[in-house]
Amino acid sequence: MHTHDNVETLLVLQPIAVDTGSPDQEGRLVLANGLLIAVLVRLDTPDHEVGSGWFVEASFGRLFGISAPIFATLEEATRWLRQHRKA
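Residues numbered from 1 in each chain as written. Predicted model: local features only at pLDDT ≥ 70, side-chain atom pairs only at ≥ 80, totals over all residues. Heavy atoms only, no water.

Participant: Help me understand the pairing of strand β2 (residues 26-32), please; the structure alone is not making it clear to me.
Facilitator: In terms of burial, β2 is largely enclosed, as six of its seven residues are buried. Where strand β1 (residues 11-17) and β2 come together, seven bridges link them in antiparallel fashion. Note on β2: the bridge partner recorded for Pro15 is Arg28. The sheet contact formed by β2 and strand β3 (residues 35-43) spans six bridges and is antiparallel. Bridge assignment links Ala32 to a residue of β3, and that residue is Leu35. (Buried < 20%, exposed > 50% of the residue type's maximum accessible area, 1.4 Å probe, protein only. Helix = DSSP H or I, 4+ residues; strand = E, 2+ residues; numbered from the N terminus. Pairing = 2+ DSSP bridges.)

Participant: I would appreciate a short explanation of the pattern of salt bridges in the present structure.
Facilitator: Oppositely charged side chains are able to pair whenever their charged atoms sit close together. Enumeration according to the criterion identifies one salt bridge in this entry. When the shortest N-O distance is used, the salt bridge between Arg28 and Glu26 registers 3.5 Å. A relative accessible area of 15% places Arg28 in the buried class. The class for Glu26 is partly exposed, based on a relative accessible area of 38%. (Salt bridge = Lys/Arg side-chain N within 4 Å of Asp/Glu carboxyl O.)

Participant: Help me understand the sheet that holds strand β4 (residues 53-59), please; the structure alone is not making it clear to me.
Facilitator: Backbone hydrogen bonds are what pair the strands of a sheet, in a parallel or an antiparallel way. One open sheet accounts for four strands, arranged β1-β2-β3-β4; its pairing is antiparallel. The open sheet has two edge strands, β1 and β4, and neither has a second partner. Averaged over all pairs of adjacent strands, the angle between their axes in this sheet comes to 30 degrees, without regard to strand direction. Across the sheet, helix α1 (residues 74-86) touches β1, β2, β3 and β4, and the angle it forms with β3 is around 145 degrees. (Axes fitted to C-alpha atoms, helices over the stretch in contact; angles between N-to-C directions. Contact = heavy atoms within 4.5 Å.)

Pasting the structure below:
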């Protein structure tokens, strides 16, 4: 096992407005050790079939192409992103 395997990735969620083409514009840039790995958007309007919560609008690197669920909280989203980034 490498020494860096014991170190937990530092995830930073930076608030940002996202032009989604809908009223849902509250977003977070997700940075892992300074690298952009995802963009989260809060689904807040009642017309979403999937309900409300945090949606992975875009993902990069190891997360690219992985289908993510809708998360009720940012903590749930952060936990999922951290777990799937390691895979």
